[in-house]
Each structure stands twice: as C-alpha cells, then as structure tokens.
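# Structural overview
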Amino acid sequence: MVLKTIEILKNEIAIEEESVIITEDVKAGLVLVDIINGFCTVGAGNLAPREPNRQISEMIDESTRLARLFCDKKWPILAFLDSHHPDKLEHPYPPHCITGTDESNLVPALRWLEKEQNVTIRRKDCYDGYIGSFQEDGSNVFVDWVKNNKIQTLLVVGACTDICVLDFVCSTLSARNRGFLDPLEEVVVYSQGCATFDFPASMARNTKDISPHPQELMHHVGLYMAKERGAKIAREVSFNSLKKP
C-alpha cells in the first residue's frame, strides 16, 4: 500500500530528467554534499543507516566515479562535510557529525580526495553549504571557489537529497539569479548521485521529535523541489572531449 501511494504521488509530481553532457569547453565544478560517515556508513552514528542501503550505496559509487573523472581532468571539486560543535546542535535531529569525530569525515571510498590538489574541503555547521561557507570576515569559501575557478556549470551530488542538497541548491540558484556567482550559469543535480535516509512511520511513532521520512518519496520530493527552483535534474552525466578541427 505504501509503495503504491508513493508511485501515485511521484506520478502526480513527475520530474523531467535530462541526459547531461559536459564538454571540455565549459568550466565545470563538482560539489559533494555531506558524503560522510555520519550519514552514509552503516552504524556510524545517530543519523547513519542501520543496515546496508541501496540508494546510499549507489550515491557513493556514482559520486566516487564522478570525483575520479574530475580529478583526472584536474577540474575543481568542493566537498562539504557536516561538522557540528557539541553545543550547537540542529533541532529536531539528534546529535550527529560532531567536529573531530569520524562521523564528520568523508566515507572510506572518498578519503583519497583529501590529498588531491584540485579539491577544496569545507566543514560546515548547518544544513546549507552556501550559508555554511561564510567566514568571520564576511567572505564566502563557496563563492570564492566559483569565481576563482570561473565555474559555469555546477554538478551537485550527495546527501540528503531533500535536506542539505536541496538547501544548498536553492541558495546557490538564488545567489546566481542575483548575480552574486558570475560566471555560473547552470546547476545540475545528478539524481543517482544523491540519496536521503529512510525513517518509516512505524519507527517514527516511537521516536520523539522526528517525523516519518520515506526514503524513495523524499528523494523524489527533493529532486522535484530543486527542479522547481531552476536546477537541471540529470538521470545520467557524461563527458565529451572536443574534437580537434
């Protein structure tokens, strides 16, 4: 019954996904949102999966594939890592990804990125990576990264589709529309490179403050909302070298 209801809702708010080709004449940047142990590694923390999860595993695999392609081309990558001070937690969620713990580190499949010269690591203490990029002097790590690398197309992957990914995408699109992120033109969210968590109603009834969160539906809703804000939703992403004349 639940799966049937989800399919009905997904049909009512259908998403037009695209096949996106990134060519070498376009300045592209890859953003990895919170692909960290606390959200993705089984048993790693309060918000980590309790058992292996297909959607999360696929997200890690696809994000790793894209990261290797970007590193091979020496194209810029920015990785956001959720990192909270113990005294500044995010209601209504339980303590998670505390600064200095392994929860707030990249998953094992991506730890190699820490040694790559084309990769910028930004630890953030809020859902939204754009907001979390502001520094005490008023500068913004993400904005500077876009401008310094002259990024025209932004490819976004990570977790959670309907929370940190969506919040970051919405802020980025608003900033782009206001002219704060020149020369950024397109924001692409890769659906298979994103994932969210599964918290069925049967579990939510016995847990204070946390609402039900069906994974497949909320993943779809996150993508739908990103699309409504102006992002492209990609069902696949490929790269095409320019042919020499």
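In the block above lies the structure referred to throughout.
Described below are features of the structure shown in this document. Keep in mind it's a predicted model, so treat the numbers as computed, not measured.

What follows deals with the overall build of the protein chain. Per the secondary structure count, the protein chain includes seven helices and seven strands. Listed by position from the N terminus, the elements making up the protein chain come as α-β-β-α-α-β-β-α-β-α-β-α-α-β. Against the compact-globule benchmark of 18 Å for 245 residues, the protein chain has a radius of gyration of 18 Å, which places it among compact chains. Overall, the C-alpha framework of the protein chain stretches about 65 × 40 × 35 Å when taken along its three principal axes. The proportion of buried residues among the 245 residues of the protein chain is 49%. A separation of at least 24 residues holds for 75% of the contacts in the protein chain among residues at least 6 apart in sequence. Between the centroid of the 27 positive side chains of the protein chain and the centroid of its 35 negative side chains there is a distance of 4 Å.

One open sheet accounts for seven strands, arranged S1-S7-S6-S5-S2-S3-S4; its pairing is parallel. Because the sheet does not close on itself, it has two edges, and the strands there are strand S1 (18-23) and strand S4 (119-124). Each neighbouring strand pair of the sheet contributes to a mean axis angle of 35 degrees, computed without reference to strand direction. As paired elements, S1 and strand S7 (residues 232-240) share six bridges and run parallel to each other. Residue pairing for S7: Glu18 is matched across the bridge by Ala234. Against the sheet, helix H5 (residues 161-177) touches strand S2 (28-33), strand S3 (77-82), S4, strand S5 (153-159) and strand S6 (186-195), its axis set at about 160 degrees to S5. Here helix H7 (residues 215-229) sits on the sheet and contacts S1, S6 and S7; the angle it forms with S6, its principal contact strand, is near 175 degrees.

This paragraph deals with the pattern of salt bridges. Scanning all chains against the criterion turns up ten salt bridges. Between Lys232 and Glu186 there is a salt bridge, and its shortest N-O distance comes to 2.8 Å. In this pair, Lys232 sits in strand S7 while Glu186 sits in strand S6, placing the two residues 46 residues apart along the sequence. Looking at Lys232, the relative accessible area reads 26%, which means it is partly exposed. What emerges from the salt-bridge pattern is a single network uniting Asp34, Asp82 and Lys124.

With that out of the way, let us pick up the nonpolar core. Counting 70 residues, the largest nonpolar core has Leu113, Phe142, Phe168, Val169 and Val189 as the members making the most contacts within it. Considering every element that reaches this core, the biggest residue donor is H5, with nine residues. When sequence neighbours within four positions are dropped, the list of residues in contact with Phe142 reads Val31, Leu78, Phe80, Tyr130, Ser133, Leu154, Phe168, Thr172 and Leu181.

So, about the packing of aromatic side chains. Enumeration over the complete set of coordinates arrives at nine aromatic pairs. Seen from their ring centres, Tyr93 and Tyr127 are 6.3 Å apart, and the 75 degrees between their planes marks the pair as edge-to-face. Here the residue Tyr93 occupies a position in the loop between S3 and S4, and Tyr127 occupies one in the loop between S4 and helix H4 (141-148), the gap between them amounting to 34 residues. Among the aromatic side chains, those forming a connected cluster through ring pairs are Phe80, Tyr130, Phe134, Phe142, Trp145 and Phe168. When the ring centre of Trp75 is taken as reference, the NZ or CZ atom of Lys73 above it lies at 5.3 Å.

This part takes up the environment of Leu69. By the secondary structure assignment, Leu69 is in helix H3 (residues 54-72). Owing to a relative accessible area of 27%, Leu69 belongs among the partly exposed residues under this scheme. In the structure, Leu69 is positioned 128 residues away from Phe197 in sequence and 27 Å away in space, judged by C-alpha atoms.

Here we take up the state of the cysteines. Put plainly, two cysteines are in a disulfide when a covalent bond ties their sulfur atoms together. The tally for this structure, following the rule as stated, stands at zero disulfides. With no disulfide of its own, Cys97 lies 8.8 Å from the sulfur of Cys164, the closest cysteine sulfur.

On to the packing of H5 against H7, then. Close contact between H5 and H7 brings their axes to 9 Å; oriented N to C, the two are set at 5 degrees. Overall, the two elements H5 and H7 adopt an arrangement that is roughly parallel. Contact with H5, carried on its side by Thr161, Asp162, Leu166, Val169, Cys170 and Leu173, involves Met218, His219, Gly222, Leu223, Met225, Ala226 and Arg229 of H7 and no other residues of that element. Tallied by class, residues from the contact of H5 with H7 come to eight nonpolar, three polar and two charged.

Criteria and thresholds
- Residues numbered from 1 in each chain as written.
- Predicted model: local features only at pLDDT ≥ 70, side-chain atom pairs only at ≥ 80, totals over all residues.
- Heavy atoms only, no water.
- Helix = DSSP H or I, 4+ residues; strand = E, 2+ residues; numbered from the N terminus.
- Rg over C-alpha atoms; globule rule 2.2 N^0.38 Å.
- Buried < 20%, exposed > 50% of the residue type's maximum accessible area, 1.4 Å probe, protein only.
- Contact = heavy atoms within 4.5 Å.
- Lys, Arg positive; Asp, Glu negative; His and termini not counted.
- Charge placed at Lys NZ, Arg CZ, Asp CG, Glu CD.
- Pairing = 2+ DSSP bridges.
- Axes fitted to C-alpha atoms, helices over the stretch in contact; angles between N-to-C directions.
- Salt bridge = Lys/Arg side-chain N within 4 Å of Asp/Glu carboxyl O.
- Core = buried A, V, L, I, M, F, W, Y, C linked by side-chain atoms within 4.5 Å.
- Phe/Tyr/Trp six-rings, centres within 6.5 Å; stacked < 30°, edge-to-face > 60°.
- Lys NZ or Arg CZ within 6 Å of the ring centre and 35° of its normal.
- Disulfide = S-S within 2.5 Å.
- Parallel < 35°, antiparallel > 145°, perpendicular 65-115°, else oblique.
- Nonpolar A, V, L, I, M, F, W, Y, C, P; charged D, E, K, R; others polar.

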